[in-house]
Amino acid sequence: MAFDVAAVRGLFPALGDGWVHLDAPAGMQVPEQVATAASTALRAPVSGPGGIFPASQRAEAIVEAARRAIADLVGANPAGVVLGPNSAVLLQRLADALGDGWMIGDDVVVSRLDHPANVAPWQRVAQRSGGTVRWAEVDIETCELPTWQYQELVTPRTKVVAITAASGAVGTRPDVRQAAEAAAEHGALVVVDASAAAPFVPLDITSMGADVVAVNASAWGGPPVGALVFKNAAMLDQLPSVALEPGARGAERMELGPHAYPLLAGLVASVDYLAGLDDAAVGPRRERLLTSLGSVKSYQAGLLANLTNGLRKMNHVMLIGDAMRRVPSMAFTVSGVKAVDAVEHLAERGVCAFADPGTHGVFAVLGVGEVGGAVRVGLAHYTNADEVDQLVRAVAELA
């Protein structure tokens, strides 16, 4: 494996601003090849699909290339890839489509670990149909999501089990496969939000046991584009269509209006960027993605260990969660210091971090809002050891 962080940093013009960007949970910075691909598509003649002239054929080629890129990322069939502005919008479309057939007494299982994008849509459709929302709870000490509870939560009336592949808030990676097996026993659809996992973990829709996987390209340095990936592409023709064209088939049935073709060109470039993070990766793009993301995972594990150990040594800092499997995102509180004041202190020292008020999801369960909220940080592909040290030093000054 050959992951060279110095070479990776050279791909990102935005890093020239001099800041330490530990704001990856909100999306990574954009590599040059992604910006170039999008701008090139903006300058090239591109029209709507369906024509016999080159500009129209170029539009169709961009869409098909985007479907193939996302399919390679998650190990799926390109025919099952639905493209849209972001995963939150697409998950709401999916919930609305599925919810049309729900009745009083049906239920959906969501988790406290999930981002609101994979919770709120299911809450809305359950309320509209007279259904019930069942909650999978987190371990308040480790922020793990015990999967044994799904055996009790999933019933014959369960329509959907919505679960995250990784938490962008505290980093936990739950055992999606075990939860999916419990759902399969009762025929429930498994919808996995892999947005926070995709930049760091090799994904496989089949091994996860997922029926639908959601991703956001901005999470790994791509443009603001999202995708829903269906394991069984035929399912798309069974859902109510939201397309403007009455004859839309397959993935197009879940796509509203024309695509942003330059952004989709950038999406393709962003998946190619992921596949090239390990310069020793060879073979088809799917194989290179698995190799590169495996290298990223190993590299990030070392940085995360250094950051975790550095913060744990401080008596005035409390880390939130201690999951065995995780992505490099974390949250912590500082004794006697509100999160908004802590991130202001970090910003004065050139470090980008977020203050979370603690009102949603896992933070609400843990009562983080009662202690002034949490500081959230996340490592990116381009984060190096010096930047981690800079954060640790800045946090130490808050004692």
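Quick caveat: nothing in here was measured; it's all calculated off a predicted structure.

Draft legend 1. Quick peek at the UniProt feature "domain: Aminotransferase class V" (unreviewed entry) in the protein chain. In this numbering, the UniProt entry assigns the feature "domain: Aminotransferase class V" (unreviewed entry) to residues 20-239 and 295-391. The span residues 20-239 carries 33% helix and 17% strand; its end-to-end C-alpha distance comes to 45 Å. Along residues 295-391 the backbone is 42% helical and 20% strand, and the end-to-end C-alpha distance reaches 24 Å.

Draft legend 2. View of the sheet that holds strand β4 (residues 132-136). An order of β2-β8-β7-β6-β5-β3-β4 is seen for the seven strands of this open sheet, with the pairing classed as mixed. With partners counted over all chains shown, the strands left at the sheet margins are β2 (81-84) and β4, one partner each. Within this sheet the neighbouring strands show an average axis-to-axis angle of 20 degrees, counted without direction. With five bridges joining them, strand β5 (residues 158-164) and strand β6 (residues 189-193) adopt parallel strand pairing. The residue of β6 that forms the bridge with Val161 is Val190. Sheet strands in contact with helix α5 (residues 120-129) are β3 (107-111), β4, β5 and β6, and its direction is about 150 degrees off that of β4.

Draft legend 3. Representation of the layout of surface pockets in the model. Its volume calculated, the largest pocket comes out at about 770 Å³. Secondary-structure elements contributing two or more residues to the lining of the largest pocket are α4 (87-99) and α12 (361-366). The element contributing the most residues to the lining of the largest pocket is α12, with three residues. The residue makeup of the lining of the largest pocket, split by class, is 22 nonpolar, 13 polar and four charged. What lines the second largest pocket is a set of 16 residues, and nearest its centre among them are Pro49, Glu252, Gly257, His259 and Tyr261.

Quick notes on the rules
Residues numbered from 1 in each chain as written. Predicted model: local features only at pLDDT ≥ 70, side-chain atom pairs only at ≥ 80, totals over all residues. Heavy atoms only, no water. UniProt positions renumbered as here; feature names shortened; annotations may be inferred. Helix = DSSP H or I, 4+ residues; strand = E, 2+ residues; numbered from the N terminus. Pairing = 2+ DSSP bridges. Axes fitted to C-alpha atoms, helices over the stretch in contact; angles between N-to-C directions. Contact = heavy atoms within 4.5 Å. 1 Å grid on protein atoms, 1.4 Å probe; cavity = no way out; pocket = protein on both sides within 12 Å on 5 of 7 lines; lining within 4 Å. Points joined across faces, edges and corners; volume = space filled by probe spheres on them. Nonpolar A, V, L, I, M, F, W, Y, C, P; charged D, E, K, R; others polar.

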